[in-house]
Amino acid sequence: MLQTKLLMGMPISVEVVDSVASPAATAAAIEDVFAYFQYVDSTFSTYKPESEIMHINRGQLVLQDASDDMQLVFALADQTKNETDGYFDIARDGGYDPSGLVKGWAIFNAAERLRERGFQNFYVDAGGDIQPSGVNAEGLPWRVGIRNPFNMAEIVKVIGVTDQGVATSGTYIRGQHIYNPKTDGTLVTDVVSLTVIGPNIYEADRFATAAFAMGEDGIYFIEGLAGFEGYMIDQHGQATLTSGFEDYVCLDGYNDA
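Let me begin by describing the structure that accompanies this report.

Criteria and cut-off values
- Going along each chain's sequence as written, the residues are numbered from 1 onward.
- Residues qualify for local features only when their pLDDT is at least 70, as the model is predicted, and side-chain atom pairs are given and counted only at 80 or more; totals for whole chains, interfaces and linings, by contrast, use all residues.
- Side-chain measures were taken over the full set of non-hydrogen atoms in the model, leaving aside hydrogen atoms and water.
- DSSP-based pairing: two strands are paired if at least 2 bridges between them are found.
- Strands are runs of DSSP state E lasting at least two residues, helices are runs of H or I lasting at least four, and both sets are numbered from the N terminus onward.
- Between buried and exposed lies partly exposed: a residue is buried under 20% and exposed over 50% of the maximum accessible area for its type, with that area taken using a 1.4 Å probe on protein chains only.
- It only takes one pair of heavy atoms within 4.5 Å for two residues to be counted as in contact.
- Expected helix span is computed as 1.5 Å times (number of residues minus one).
- Pairing of N or O atoms within 3.5 Å defines a polar contact, subject to two protein rules: one partner must be a possible hydrogen donor and the other a possible acceptor, and residues neighboring in sequence count only if both atoms are side-chain atoms.
- Whenever Lys or Arg places a side-chain nitrogen within 4 Å of a carboxyl oxygen from Asp or Glu, that contact is recorded as a salt bridge.
- Orientation is described by lines fitted to C-alpha atoms, with helices fitted over the stretch in contact, and by angles between N-to-C directions that extend from 0 to 180 degrees.
- Working rule for angles: under 35 degrees goes down as roughly parallel, over 145 as roughly antiparallel, 65 to 115 as roughly perpendicular, anything else as oblique.
- Each residue gets one of three labels, nonpolar for Ala, Val, Leu, Ile, Met, Phe, Trp, Tyr, Cys and Pro, charged for Asp, Glu, Lys and Arg, and polar for the others, Gly among them.

## Examining the pairing of strand S8 (residues 151–161)
As paired strands, strand S7 (residues 142–148) and S8 are joined by 7 bridges and run antiparallel to one another. Note on S8: the bridge partner recorded for Arg143 is Gly160.

The structure is reproduced here in structure tokens:
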């Protein structure tokens, strides 16, 4: 069962291929995932004036009085900042924007909600960042396509994953929007796409954001992370990949996850 909704300003897709419950129960589980994303959007969106993060940014709410999820996300952001030598930083222009971490965190939590209901073979995709589980309807690893940032109709690589998360930071939809926090907020322009495979989507997403902010050095940061692989495309269209990335590349065609 596959469903897609437009939430958080992007398409969110959920597909469940095993049948541990009735079709009605499966549909209810998928709706629960969408409801969770709506909650995340209403809490963390910097585009919604009444979101909790905007109350913090306007000084109407202090972090100590914020929700448990908000305090957790700030703690995770601090952890990521420390682990990336400051290249991940949610502070900007006198406020906070945790979106570079929240999306992957939310996808991971949404997938956990499905696992808790007994599902084993599924994926959750939010704006191209994906948490798969198990195998697809053909009994194969889930296929994930990496798009050419210069030609969105072209798939440059197809990778196969089972339980690893796949996150891509780049200019595909929002244009150049990732900045280097160490250079007074200068936008990163030497890299246009960086895809990271990690142990789960939360880990892949946060390190993809930080590595992109590092510019062309980001791929070497990913190379040094145990359990992670990456594929970077620079402004000239040149691809650089980590030493184990080819182990995930599929040669048998593209099955869009």
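And the narrative resumes.
## Considering the environment of Ala106
Looking at the element boundaries, Ala106 is found in helix H4 (residues 99–116). For Ala106, a relative accessible area of 0% corresponds to the buried category. For the pair Ala106 and Glu138, spaced 32 residues apart in sequence, the C-alpha to C-alpha distance is 27 Å. Apart from residues no more than four positions distant in its own chain, Ala106 is found in contact with Tyr36, Phe37 and Val40.

## Concerning helix H5 (residues 201–213)
Across its 13 residues, H5 extends 18 Å between first and last C-alpha, which sits within 8% of the 18 Å expected from 1.5 Å per residue. In terms of burial, H5 is a largely internal element, 13 of the 13 residues being buried. The N-cap residue of H5 is Asn200: its side-chain oxygen and the backbone nitrogen of Tyr202 are 3.1 Å apart. The first or second residue beyond H5 is Gly215, which carries a positive phi of 75°.

## Focus: the pattern of salt bridges
Taken as a whole, this structure holds 11 salt bridges when the rule is applied. With a closest N to O distance of 3.5 Å, Lys81 and Asp89 form a salt bridge. The salt bridge involving Glu112 is made with Arg115; its shortest N-O contact spans 2.6 Å. One end of the pair, Glu112, and the other, Arg115, are both in helix H4, 3 residues apart, so they sit about a helical turn from each other. Residue classification places Arg115 among the partly exposed residues on the basis of a relative accessible area of 27%. Residues joined by salt bridges that share partners form a network here, namely Glu83, Glu203 and Arg206.

## Section: the packing of helix H1 (residues 23–44) against helix H3 (residues 68–83)
Where H1 meets H3, the axes come as close as 11 Å, and the angle between the chain directions of the two elements is 75°. The angle between H1 and H3 places the two elements in the roughly perpendicular class. Between H1 and H3, the residues in contact are Tyr39, Thr43 and Phe44 and Asp69, Met70 and Val73, respectively. By residue class, the composition of the contact of H1 with H3 is 4 nonpolar, 1 polar and 1 charged.

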